[in-house]
Amino acid sequence: MSDGLEPGDDGTGSAGDAHQSAPGADKHGNGDPTRTGTDEHGPADPTRPGAGGAGSAGGGGPGDPVAPVDPAGNSPHGTDPHHPPRIPLPRASVEDTGRPLPVLEEPVPSAPLVLEHRVLKALLGAWALAACSAEETAAVEDHLGVCGACADEALRLRGAVGLLQRPESLDLDPGLRTRVLDGCLDRRPPRIPMPEWATPYDAETARLDALLQDFGDAEWHAPVRLRWFDADEATSRRTTVAGVIAHLLSVDGLVAVALGLDDPMGEVPADAPTPAGRTEAYWRASHFPPTRSVRTPWREQSHDLVRTVSFTGGTSGKLEVAYGDFVLPLHDAMLDRAFECWVHAEDIAEAVDYPYEPPSPRHLNRMIDLAARVLPAVLAERRQKGLASPTHGRHLVSAGGPGRTLRLEIEGLGGGEWLIPLDSPAAVGSAEHEVAHVALDGVEFCRLAAGHVPPAEAAAGQLGDREAIRDVLFAAASLSRM
């Protein structure tokens with residue numbers, strides 16, 4: 001077999017041509033025929049003219065095509081004209097040859113499984129969890145079409161599986177914003193720092209605004225029911241998502257007025273300077289039900305509040321904010337507004353069927369602490385109105401002295417322990433005078449204080465004086481308002 005034509009051959013050379021080279025020999029026919037890709041100088045160098053390596057410009061294998069040679073004797077690739085380069089011919093597609101295409105072998109379908117009724121019934125649990133093989137799934141689903149009892153059981157199991165999968169929010173972790181800001185502020189402290197007691201309000205208003213930003217008209221008019229406790233009775237008020245934001249706008253205006261900012265109520269007179277009175281007056285003054293347009297003034301007012309308390313350098317924290325029938329220091333009022341913002345954000349998320357996470361543990365702990373600090377005064381007020389149960393062991397103590405105490409243990413997020421004096425708001429909680437112990441989850445306690453959980457249904461671990469425990473749970477529920 002020929003190894004290719006040498007330049008100048010007329011194509012009639014025989015297989016025994018003297019210039020033919022055996023595999024492994026050089027162009028003169030010398031060399032060991034068992035050697036490949038080498039010459040007398042050692043391993044072939046593919047950059048040397050006439051080197052005989054695979055893919056080189058030297059001799060190829062049997063049937064290799066011959067590259068055209070320039071008449072001037074120059075190789076088209078600048079190599080030795082005596083050894084033209086190997087140029088493979090284009091490969092022809094089978095469709096261009098006119099030959100019939102090969103027949104594809106289709107997989108033979110497997111025979112369906114034939115299982116007994118008891119086996120198919122035992123597979124229902126795995127089928128509900130999508131853990132069956134394809135053959136088992138087909139067998140179970142065929143059986144469900146003819147067996148009513150198994151079909152009912154399968155429907156029940158599928159419903160149970162749905163309850164196991166908790167819907168997850170697409171929003172970021174509530175603590176992520178706090179961690180990012182802390183990292184940024186550690187690297188570059190702000191020129192005008194925000195007071196620490198204002199950070200929960202800033203975080204909760206930002207989270208609620210993020211929830212609202214993609215709402216369409218249908219979501220803004222979705223019905224929302226505001227819930228709270230009044231005189232130990234569950235009370236509610238129906239409104240819309242836009243109405244809830246209008247409620248937050250009007251009540252946040254109490255803090256704005258205390259700081260000398262514009263009142264969002266304008267010239268609208270309120271029946272009473274209370275959160276409920278201002279809200280009802282704002283709703284009545286609207287020519288049309290509130291729409292998405294209420295979002296902008298609410299968000300601008302929240303920015304103004306944070307900016308103003310920051311410019312005061314935190315010295316305004318002791319400034320009093322009047323709520324009509326009670327007064328809170330500004331730092332507690334901002335924490336109260338953060339709590340209300342989170343509670344109503346959950347109301348909105350529930351109305352549009354969207355999951356909403358609790359605040360970060362650090363902020364939730366401060367909200368729980370505010371409620372725990374207010375409870376003694378609320379207990380005293382309820383006792384004056386005759387709403388608290390008579391306590392046979394109650395006794396007056398001097399201001400700052402220890403008295404009967406309930407230990408409030410909060411578990412989970414924002415957890416901690418608080419000693420609640422039972423007999424007087426001026427008394428001091430004392431572990432030596434503990435008469436009752438209540439344990440509650442942090443989020444559960446906050447929902448109790450928001451009026452979303454009845455006191456009798458609060459999942460509380462209780463130990464000790466039952467009357468004292470009941471008084472504290474109902475006092476926590478009476479903290480709620482519209």
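(A) Here's a closer look at helix α6 (residues 199–212). The end-to-end C-alpha distance of α6, which contains 14 residues, comes to 20 Å, matching closely the 20 Å that a straight helix rising 1.5 Å per residue would cover. For α6, the tally of buried residues reaches 13 of 14 residues, placing the bulk of the element in the interior.

(B) Geometry of the pattern of salt bridges. Inspection of the entire model under this criterion finds 25 salt bridges. E280 is the partner of R237 in a salt bridge, and the nearest nitrogen-oxygen pair spans 2.9 Å. Of this pair, R237 sits in strand β4 (residues 233–240) while E280 sits in helix α9 (residues 275–285); the two residues are 43 residues apart in sequence, bridging distant segments of the chain. E346 serves as the salt-bridge partner of R447, at 2.9 Å between the closest nitrogen and oxygen. With a gap of 101 residues between them, R447 in helix α13 (residues 442–449) and E346 in helix α11 (residues 330–351) connect regions that are remote in the sequence. Overlapping salt bridges bring together D252, D336, R337 and R481 as one network.

(C) View of empty space enclosed by the protein. Under the definition given, this model contains four cavities of 30 Å³ or more. R227, E340, V343, H344, A450, H452, S480 and R481 together form the lining of the largest cavity. At three residues, α11 tops the list of elements feeding residues into the lining of the largest cavity.

(D) Broad picture of the pairing of strand β9 (residues 434–441). Pairing of strand β7 (residues 405–411) with β9 involves seven bridges; the strand directions are parallel. Bridging from a neighbouring strand, E411 pairs with D441 of β9. Both β9 and strand β10 (residues 461–464) contribute to a ladder of four bridges, which runs antiparallel. Paired with A439 across the bridge in β10 is G461.

(E) Focus on the nonpolar core. Of all hydrophobic cores here, the largest spans 84 residues; its most connected members are L208, L212, I245, W342, I348 and L406. The biggest single contributor to this core is α11, with twelve residues. Ignoring any residue separated from it by four or fewer positions in sequence, one finds W342 in contact with E204, R207, Y356, E357, P358, P359, L364, M367, V443 and C446. Among the nonpolar cores identified, the runner-up in size contains 14 residues, and A128, A139, L157 and V161 belong to it.

(F) Quick peek at the environment of A351. Inspection of the secondary structure puts A351 in helix α11. For the pair A351 and V241, spaced 110 residues apart in the sequence, the C-alpha separation amounts to 7.9 Å.

(G) Up close: the packing of α6 against α11. The interhelical angle for the contact between α6 and α11, taken along N-to-C directions, is 20°, at an axis separation of 8 Å. Between α6 and α11, the crossing angle belongs to the class labelled roughly parallel. The chirality of how α6 crosses α11 is left-handed. Between α6 and α11, the contacting residues are P200, Y201, E204, T205, R207, L208, L211 and L212 on the first element and M334, L335, R337, A338, C341, W342, A345, I348 and A349 on the second. Per-class residue counts for the contact of α6 with α11 are 13 nonpolar, one polar and three charged.

Rules and cut-offs
- Residues numbered from 1 in each chain as written.
- Predicted model: local features only at pLDDT ≥ 70, side-chain atom pairs only at ≥ 80, totals over all residues.
- Heavy atoms only, no water.
- Helix = DSSP H or I, 4+ residues; strand = E, 2+ residues; numbered from the N terminus.
- Expected span 1.5 Å × (residues − 1).
- Buried < 20%, exposed > 50% of the residue type's maximum accessible area, 1.4 Å probe, protein only.
- Salt bridge = Lys/Arg side-chain N within 4 Å of Asp/Glu carboxyl O.
- 1 Å grid on protein atoms, 1.4 Å probe; cavity = no way out; pocket = protein on both sides within 12 Å on 5 of 7 lines; lining within 4 Å.
- Points joined across faces, edges and corners; volume = space filled by probe spheres on them.
- Pairing = 2+ DSSP bridges.
- Core = buried A, V, L, I, M, F, W, Y, C linked by side-chain atoms within 4.5 Å.
- Contact = heavy atoms within 4.5 Å.
- Axes fitted to C-alpha atoms, helices over the stretch in contact; angles between N-to-C directions.
- Parallel < 35°, antiparallel > 145°, perpendicular 65-115°, else oblique.
- Left-handed = near helix turned anticlockwise from the far one by under 90°.
- Nonpolar A, V, L, I, M, F, W, Y, C, P; charged D, E, K, R; others polar.

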